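Residue-level listing of the chains:
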Amino acid sequence: MGRAVGGQDRAQGRSFKVPEPVRVFGFEEGTTQSAAAYRAELEARLDAAERTVRIQAERLAHQDQQLRAALDELGRAKDREIATLQEQLLTSEATVHSLQAAVHQKDKLIRQLQPRAELLQDICRRRPPLAGLLAALAEAERLGPLPASDAGHPLSGGPSLLLANSIGEEGDRDQLQPAVFGTTV
């Protein structure tokens, strides 16, 4: 390139300055003391950084260990809860089966009682007319039999209007008695 150090460029006849010594990390190139001090400072910083990294790694390892222990405890707690829920499920299923059996028995009883309930409803529907009939029969008993006046008249109690009395025995059916009103239910 044709440049001379600290002088002129011969080809062009210009002059220029000699460059200063190169500075590395704030120290002059030729100063070994400065380089040694800088190196010691860098090593101190490196040691401090390594200690910091070591301390942080120990903290992280300790935190990791704690988190693993907590995770293990959570797993055990989850397993205990699952076992408890499974027991509750089995108990609930047994209760459901027991209740289903009870419902089945109640349904069977309802089916058995249904015809009786319908009969009782029928009796209840027929009760007012039956009560009226019983009241009329009671009134007829209160009035008593007709006096025996005309033997040829059909209402005189003669042989044309003989009604069987429900009080008599089976053997008494041959001998019909005159009609007497009574309530035999």
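Residues numbered from 1 in each chain as written. Predicted model: local features only at pLDDT ≥ 70, side-chain atom pairs only at ≥ 80, totals over all residues. Heavy atoms only, no water.

**Things to note about the overall build of the protein**
Let me state the cut-off plainly: For helices the rule is a DSSP run of H or I covering at least 4 residues; for strands it is a run of E covering at least 2, with both sets numbered from the N terminus onward. For each residue, the accessible area found with a 1.4 Å probe, counting protein chains only, is set against the maximum for its type, and the residue is called buried under 20%, exposed over 50%, and partly exposed in between. In this description, accessible areas are obtained by the Shrake-Rupley approach with a 1.4 Å probe, and a residue is regarded as covered only by the protein chains that are shown.
Looking only at helices and strands, the protein has one helix and four strands in total. Along the protein, helices and strands appear, N-terminal first, in the series β-β-β-β-α. Buried positions account for 3% of the 185 residues belonging to the protein. In the form shown here, the protein has an accessible surface area of approximately 16700 Å², with 58% of it arising from carbon and sulfur atoms.

**Focus on the pattern of salt bridges**
Note the threshold: Whenever a carboxyl oxygen of Asp or Glu lies within 4 Å of a side-chain nitrogen of Lys or Arg, that contact is scored as a salt bridge.
Using the criterion set out here, one finds nine salt bridges in the structure. Across the salt bridge formed by E41 and R45, the nearest N and O atoms sit 2.9 Å from each other. Placement of the pair is E41 and R45 together in helix α1 (residues 32–143), with a separation of four residues, close to one helical turn. Here E41 falls in the partly exposed class, since its relative accessible area comes to 36%. Of the charged contacts, one joins E139 and R142 as a salt bridge, the two residues approaching to 2.4 Å between their closest N and O atoms.

**A closer look at α1**
Helical periodicity: at 3.6 residues per turn, an α-helix aligns residues three or four positions apart in one direction. Put simply, the rule is: How far a helix is expected to stretch is found by multiplying one less than its residue total by 1.5 Å.
The terminal C-alpha atoms of α1 lie 154 Å apart, and with 112 residues this matches the ideal 166 Å at 1.5 Å per residue to within 8%. G144 sits one or two positions beyond α1 and adopts a positive phi of about 80°.

**Observations concerning the confidence of the model for the protein**
To keep it simple, the criterion reads: Each residue carries a pLDDT score, the predictor's own confidence in it, on a scale running from 0 to 100. When checking whether two residues touch, look at their non-hydrogen atoms; a contact exists if any pair is within 4.5 Å.
For the protein, per-residue confidence averages 77 on the pLDDT scale, and residues scoring 70 or more make up 63% of the total. Below pLDDT 50 for its whole length, residues 1–7 participates in 10 contacts with residues either more than four positions away or in separate chains. Across residues 156–178 the pLDDT falls below 50, and counting only partners more than four positions away or on other chains, this stretch makes 17 contacts in the model.

**Thoughts on a nonpolar patch on the surface**
This is how it is decided: Patch definition: residues above 30% relative accessible area lacking any salt bridge, with like charges linked at up to 9 Å and the nonpolar side chains Val, Leu, Ile, Met, Phe, Trp and Tyr linked at up to 5 Å.
A cluster of nonpolar side chains, namely L119, L120 and I123, defines an oily patch on the protein surface of about 310 Å² accessible area. Judged by its relative accessible area of 48%, I123 falls in the partly exposed class.

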